[in-house]
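Architecture and fold: a report
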Amino acid sequence: VPMAKGRMFSLINQLLSVFETLKGHLDEDFLDGMDVESRLLQTRSMQELKREMHDILNSIASRFVEQKRVEIKVDRIKKLMNFVEEHYADPSLNVTMVADSMGINLAYLSRYYKKETGMGILDCIHLTRIERAKSLVLQTGLTIKEIAQRVGYGSDLTMIRSFMCYEGLTPGQLRERGELK
């Protein structure tokens, strides 16, 4: 019995030192909420210790997996938005081009982006173009047609329609007002 208690104590100390290193990778509230030290020290047999260790390690593994999922989501959305930011002025920019750049199936990416952001990829493209166009409308003397070409619209009419759809006014009306809403 004393030898088993010695082994348990040794295992508990080793596990607690592992948890100290995990604090940099998991939020402390999560580890504190698990009350690892207390749970391990309250075990009375090797069987109980094994059960507690198994439960604790499963909880930590689940937390790591969830954190990784969140990181992947954020990375995908950032990658998509960066691609759109870099290519918004290209008139051939479309949803297929975005999906191809990410190496992801178009249908999957469209559903994924819509689920995560509440809007479609095409909306992201239009909103990016419109944001750039709004700056040009207000800060330059360029014609609406020139602005449309600079921000990737095939025609000024297409840009005007997008403006109306997303902003509720035309680029000309924006310029007359002289301010962003």
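Next up on the list: the overall build of the protein. When its secondary structure is counted, the protein shows 10 helices and 0 strands. In sequence order, the protein lays out its α and β elements as α-α-α-α-α-α-α-α-α-α. By residue count, 32% of the 181 residues in the protein fall in the buried class. The contacts of the protein with a sequence gap of at least 6 include a subset with a gap of at least 24, amounting to 56%. With the model as given, the accessible surface of the protein reaches about 11,300 Å², and the carbon-plus-sulfur share is 53%.

On to the packing of helix H4 (residues 46-87) against helix H6 (residues 106-117), then. The N-to-C vectors of H4 and H6 enclose an angle of 105°; their axes lie 11 Å apart at closest approach. On the basis of their axis angle, the class for H4 and H6 is roughly perpendicular. Facing H4, whose interface residues are Ile 72, Lys 73, Arg 76, Ile 77, Leu 80 and Met 81, H6 presents Tyr 108, Leu 109, Tyr 112, Tyr 113, Glu 116 and Thr 117. Tallied by class, the residues present in the contact of H4 with H6 amount to 8 nonpolar, 1 polar and 3 charged.

Our focus in this paragraph is the packing of aromatic side chains. A full pass over the atoms with the stated rule returns 1 aromatic pair. Between the aromatic rings of Tyr 108 and Tyr 112, the centroid separation amounts to 5.8 Å while the plane-to-plane angle is 25°, which identifies the pairing as stacked. Of this pair, Tyr 108 and Tyr 112 both sit in helix H6, 4 residues apart, which is roughly one turn of that helix. A relative accessible area of 34% means that Tyr 108 is categorised as partly exposed. We classify Tyr 112 as buried; its relative accessible area is 9%. The positively charged end of Arg 76 is found above the aromatic ring belonging to Tyr 112, 5.2 Å away from the centroid.

The next point concerns the pattern of salt bridges. By the definition in use, this model includes 6 salt bridges. One salt bridge connects Glu 66 with Arg 69, and the closest N-O pair in it is separated by 3.6 Å. Taken together, the residues span about one helical turn, with Glu 66 and Arg 69 both in helix H4 at a distance of 3 residues. Between Glu 85 and Arg 132 there is a salt bridge; the shortest N-O distance is 2.2 Å. Note that Glu 85 is positioned in helix H4 and Arg 132 in helix H7 (residues 121-139), a separation of 47 residues in sequence. Relative accessible area serves as the criterion here: at 26%, Arg 132 is assigned to the partly exposed category. The network of salt bridges with shared partners includes Lys 73, Lys 115 and Glu 116.

Procedures and definitions
Residues numbered from 1 in each chain as written. Predicted model: local features only at pLDDT ≥ 70, side-chain atom pairs only at ≥ 80, totals over all residues. Heavy atoms only, no water. Helix = DSSP H or I, 4+ residues; strand = E, 2+ residues; numbered from the N terminus. Buried < 20%, exposed > 50% of the residue type's maximum accessible area, 1.4 Å probe, protein only. Contact = heavy atoms within 4.5 Å. Areas by Shrake-Rupley, 256 points an atom, 1.4 Å probe, with all protein chains shown as cover. Axes fitted to C-alpha atoms, helices over the stretch in contact; angles between N-to-C directions. Parallel < 35°, antiparallel > 145°, perpendicular 65-115°, else oblique. Nonpolar A, V, L, I, M, F, W, Y, C, P; charged D, E, K, R; others polar. Phe/Tyr/Trp six-rings, centres within 6.5 Å; stacked < 30°, edge-to-face > 60°. Lys NZ or Arg CZ within 6 Å of the ring centre and 35° of its normal. Salt bridge = Lys/Arg side-chain N within 4 Å of Asp/Glu carboxyl O.

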